[in-house]
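Now for the letters of each chain:
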Amino acid sequence: MKKNKLIIFFSCASIIIILIFTIIKLNRPLQTETQISPEIVQVFLNANININNVKITPNDFTLPLLGGDDITLSDFKGKVVILNFWATWCPPCREEMPSMEVLYRLFKNEGLEMLAVNLGEADRIVQQFIQDNGYTFPIPMDRGNRVGTIYGVSAIPTSFIIDREGMIIARIVGSIYWDTPQIFKAFEALLKS
């Protein structure tokens, strides 16, 4: 009798451990061996943005847009995406957003998409902030911080640059000025690649 209970206990424990490791593995971006062209690496280095050594497959997600429909990240494959995580109470986030708008307006017709994912704030607060500042890029609402957690966002702003193949090529923690000539040149090159 004791032996059967031990067998059942260890079988259940093994299944639970396998499930935990499977869940952890599914929530991590997968690395691929796809290399990034040296030209793209150099032009981003000139803009003070470090590119990953290899491309990383992002975790797909679906979030509601502020005041609108749902969006799914994988629907933007074929475009260059800046995936930015932010909040209205964050001074560095507010500081970089005007330059994000400049970059977005300059390249949105060339295939750039800007997804500024708000982390956990009420719609009315975010709506007022966006209207007051005249931002036009899409604002997905991560109300429970689920997507931010999956992407390992521990400080905001954090941005990911995703190429036309739908692969993450860079992660930027902290605010930057997105409207410099070097950044324009880097995104121009990435959009043409």
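Residues numbered from 1 in each chain as written. Predicted model: local features only at pLDDT ≥ 70, side-chain atom pairs only at ≥ 80, totals over all residues. Heavy atoms only, no water.

Asker: Explain the nonpolar core here, please?
Answerer: Nonpolar side chains tend toward joint burial in soluble globular proteins. Ranked by size, the top nonpolar core spans 39 residues in total, and within it Phe-44, Ile-161, Trp-178 and Phe-187 carry the most contacts. Those elements that place two or more of their residues in this core are helix H2 (38–46), strand S5 (80–86), helix H3 (91–107), strand S6 (112–119), helix H4 (123–133), strand S9 (168–173) and helix H6 (181–192). With 6 residues, H3 is the single largest residue contributor to this core. Apart from the residues lying within four places of it in its own chain, the contact partners of Trp-178 are Ile-82, Glu-96, Ser-99, Met-100, Leu-103, Ser-159, Ile-161, Ile-172, Ile-183, Phe-184 and Phe-187. One finds Ile-71, Phe-76, Tyr-151 and Val-153 within the second-largest nonpolar core, a separate group that totals 19 residues. (Core = buried A, V, L, I, M, F, W, Y, C linked by side-chain atoms within 4.5 Å. Buried < 20%, exposed > 50% of the residue type's maximum accessible area, 1.4 Å probe, protein only. Helix = DSSP H or I, 4+ residues; strand = E, 2+ residues; numbered from the N terminus. Contact = heavy atoms within 4.5 Å.)

Asker: Would you take a moment to explain unusual backbone geometry for this structure?
Answerer: A negative phi angle is the norm for most residues apart from glycine, just as the trans form is the norm for most peptide bonds. Going from Ile-156 to Pro-157, the amide bond is cis rather than trans, its omega being 0 degrees. Inspection of the secondary structure puts Pro-157 in the loop between helix H5 (146–150) and strand S8 (158–162). The phi dihedral of Asn-48 falls on the positive side, at around 65 degrees, and the residue is not glycine. By secondary structure assignment, the location of Asn-48 is in the loop between H2 and strand S2 (54–57). Take Asn-48: its relative accessible area is 72%, and that puts it in the exposed class. One non-glycine residue with positive phi stands out, namely Asn-145, at about 60 degrees. You can see Asn-145 is positioned in the loop between strand S7 (141–142) and H5. Judged by relative accessible area, which is 32%, Asn-145 ranks as partly exposed.

Asker: Looking at this model, I keep getting lost on the packing of H2 against H6. Mind explaining?
Answerer: Axis angle and axis distance: for two packed helices, these are the angle between their axes and the distance between the axes, and together they describe the pair. Two elements in contact, H2 and H6, have axes separated by 8 Å at closest approach and are oriented at 165 degrees. When the interaxial angle is binned, H2 and H6 end up roughly antiparallel. The element H2 and its partner H6 pack so that their crossing is left-handed. Taking contact as the criterion, the partners of Ile-40, Val-43, Phe-44 and Asn-46 in H2 are, on H6, Gln-182, Lys-185, Ala-186, Phe-187, Ala-189 and Leu-190. Taken together, the residues of the contact of H2 with H6 break down into 7 nonpolar, 2 polar and 1 charged. (Axes fitted to C-alpha atoms, helices over the stretch in contact; angles between N-to-C directions. Parallel < 35°, antiparallel > 145°, perpendicular 65-115°, else oblique. Left-handed = near helix turned anticlockwise from the far one by under 90°. Nonpolar A, V, L, I, M, F, W, Y, C, P; charged D, E, K, R; others polar.)

This is a description of form; function is not addressed.
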